[in-house]
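Structural features, examined
Here's the letter readout for the chains.
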Amino acid sequence: MIVVDDFHKQYDQTLAVHDLSFRVEPGEVLGLIGPNGAGKTTTLRSLAGIVNPSRGQLSVAGHDVSREPIAAKSQLAYVPDDPPNFSDLTVGEHLAFTASVYRVDDAQRKANTLLEQFELAAKQSTPARSLSRGMRQKLAICCAYLYDPAVLLLDEPLTGLDPHGIRTLKRTIRERADNGAAAIVSSHLLAMVEDVCTHVLILDKGTKQFCGPIEDLYRHYEREQQATSLEDIFFAATT
Ligand SMILES: Nc1ncnc2c1ncn2[C@@H]1O[C@H](COP(=O)(O)OP(=O)(O)OP(=O)(O)O)[C@@H](O)[C@H]1O
């Protein structure tokens, strides 16, 4: 489960996120949407323990990210929008390294299954520097999935993926949530949010505009603003 309580992040002169609280329960996929600069990546990076909050508590699978960073990080996978790979390590070595860090049982079988799913099996021995942008994205997702994290934090995960990769990613996010993971998916692709997410959080200028089940989002904005599509709701909710 993910809990964010009274989270603020100030970078020098910029208040990136203001007074943000929400929860994501196991089985839920939260779509994090908002204009450029709304504070989405800041929120994900803070949950991943990369950015220190200026105020508030963030916890992952029962572990406070600031006070118990190792316990929290062992339960989460964060895939940034431009995942850094180790350019000299091959695809297979990335998975072997991840498996050793997270002490994954039966790692070779799991890695092979993931590489098949994401059409990377033929690239086992290819160094990351020779992969395409989309292949590097797929590799980062395979590494994230390898240790079956309780919490998935995905920032613009469809970037660079081909239609097969997009379909596989959408299906596997839903499957992992059905198996008890809590996920946050940040994206500007509203159709993907509609396809995958059970809940939506709309941020605008660092402030929460809405957070709740997607059905409630539609009901609320249709009643209040006559907005019926997620695109119309996005424009009604953000300025
Ligand atoms: N390291 C940093 N130092 C200073 N300001 C930052 C830093 N990172 C982000 N910001 C600022 O914080 C605000 C929120 O940025 P953030 O990257 O979280 O937005 P975002 O919603 O992910 O945007 P996008 O959709 O463009 O990826 C922006 O005003 C940004 O300029």
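Given the structure is predicted, the values throughout are model-derived calculations rather than measurements. Here the residue numbering is sequential within each chain, running from 1 through the sequence in written order. Per-residue local features of the predicted model are confined to residues with pLDDT of at least 70, and side-chain atom pairs are confined, for both listing and counting, to 80 or more; whole-chain, interface and lining totals are unaffected and use all residues.

Around the ligand, the neighbouring residues are Tyr11, Asp12, Thr14, Ala16, Gly34, Asn36, Gly37, Ala38, Gly39, Lys40, Thr41 and Thr42. Mapped by element, the contributors of at least two residues to the shell around the ligand are strand 2 (14-24) and helix 1 (40-47). In DSSP terms, a helix is any run of H or I states spanning at least four residues, a strand is any run of E spanning at least two, and both are numbered starting from the N terminus. With three residues, helix 1 is the largest single contributor of residues to the shell around the ligand. Residue polarity is assigned by list, with Asp, Glu, Lys and Arg as charged and Ala, Val, Leu, Ile, Met, Phe, Trp, Tyr, Cys and Pro as nonpolar; anything else, Gly included, falls into the polar class. Classifying every residue of the shell around the ligand gives three nonpolar, seven polar and two charged. For each residue, a C-beta atom is positioned from the backbone; the residue is called near a molecule or strand if that atom sits within 6 Å of it.

When strand 1 (residues 2-11) meets strand 2, the two strands line up antiparallel, connected through seven bridges. If you follow Lys9 over to strand 2, its bridge partner there is Val17. By the convention used here, strands pair only if DSSP detects at least 2 bridges between them. The hairpin turn running from strand 1 into strand 2, its antiparallel successor, is two residues long, and Asp12 in that turn takes a positive phi close to 40 degrees. Bridge analysis of strand 1 against strand 4 (residues 55-60) gives five bridges, and the strand direction is antiparallel. Looking at the pairing, His8 lines up with Arg55 of strand 4.

Right, let's talk about the sheet that holds strand 9 (residues 199-204) for a bit. The strand order across the open sheet formed by six strands is 6-7-8-3-9-10, and the pairing between neighbours is mixed. Each edge of the open sheet is held by one strand with a lone partner, namely strand 6 (76-79) and strand 10 (207-213). Direction aside, neighbouring strands of the sheet carry axes that sit 10 degrees apart on average. It is the C-beta atoms, placed from the backbone, that decide contacts: two residues are in contact if theirs lie within 7 Å. Interaxial angles span 0 to 180 degrees and are taken between N-to-C directions of axes, which are lines fitted to C-alpha atoms, for helices over the stretch in contact. Packing against the sheet, helix 8 (residues 214-225) makes contact with strand 9 and strand 10, and its axis sits at approximately 120 degrees to strand 10.

Here we take up the environment of Leu153. By the element assignment, Leu153 lies in strand 7 (residues 151-155). On a C-alpha basis, the gap between Leu153 and Thr43 in space is 10.0 Å, while along the polypeptide they are 110 residues apart. Residues within four places of Leu153 in sequence aside, it is in contact with Leu44, Leu47, Ala48, Leu76, Ala77, Tyr78 and Ile184.

Interaxial distance between helix 3 (residues 91-101) and helix 5 (residues 133-146) falls to 9 Å at its minimum, and their mutual angle equals 25 degrees. Relative to helix 5, helix 3 is oriented roughly parallel. Note that helix 3 runs across helix 5; the crossing there is right-handed. On helix 5, the residues touching Val91, His94, Leu95, Thr98 and Ala99 of helix 3 are Leu139, Cys142, Cys143 and Leu146. The residue inventory of the contact of helix 3 with helix 5, partitioned by class, reads seven nonpolar, two polar and no charged. What sets the label is the angle itself: under 35 degrees gives roughly parallel, over 145 gives roughly antiparallel, 65 to 115 gives roughly perpendicular, and the rest give oblique. The hand of a helix crossing depends on one turn: near helix anticlockwise from the far one by less than a right angle means left-handed, and clockwise means right-handed.

Examined against the element boundaries, Asp232 turns out to sit in helix 9 (residues 230-237). Residues Asp232 and Glu222, 10 residues apart in the sequence, show an inter-C-alpha distance of 9.6 Å.

For this analysis, nonpolar core means a set of buried Ala, Val, Leu, Ile, Met, Phe, Trp, Tyr and Cys residues linked through C-beta atoms within 7 Å. Once C-beta atoms are placed from the backbone, each residue is buried if 20 or more other C-beta atoms lie within 10 Å of its own, exposed if 12 or fewer, and partly exposed for counts between those two. Core analysis: the largest hydrophobic core is formed by 68 residues, its most contacted members being Cys142, Val151, Leu153, Ala183, Ile184 and Val185. If you tally residues by element for this core, the top one is helix 5, at nine residues. Not counting residues up to four positions away in its chain, the partners in contact with Val185 are Val29, Gly31, Leu32, Leu154, Pro157, Ile173, Val196 and Cys197.

On to the UniProt feature "domain: ABC transporter" (unreviewed entry) in the protein chain. According to UniProt, the "domain: ABC transporter" (unreviewed entry) feature falls on residues 2-230. For the annotated span residues 2-230, helix accounts for 38% and strand for 27% of the residues, and the straight-line distance between the end C-alpha atoms is 24 Å. UniProt positions are given in the numbering used here, feature names are shortened, and annotations may be inferred rather than shown by experiment.

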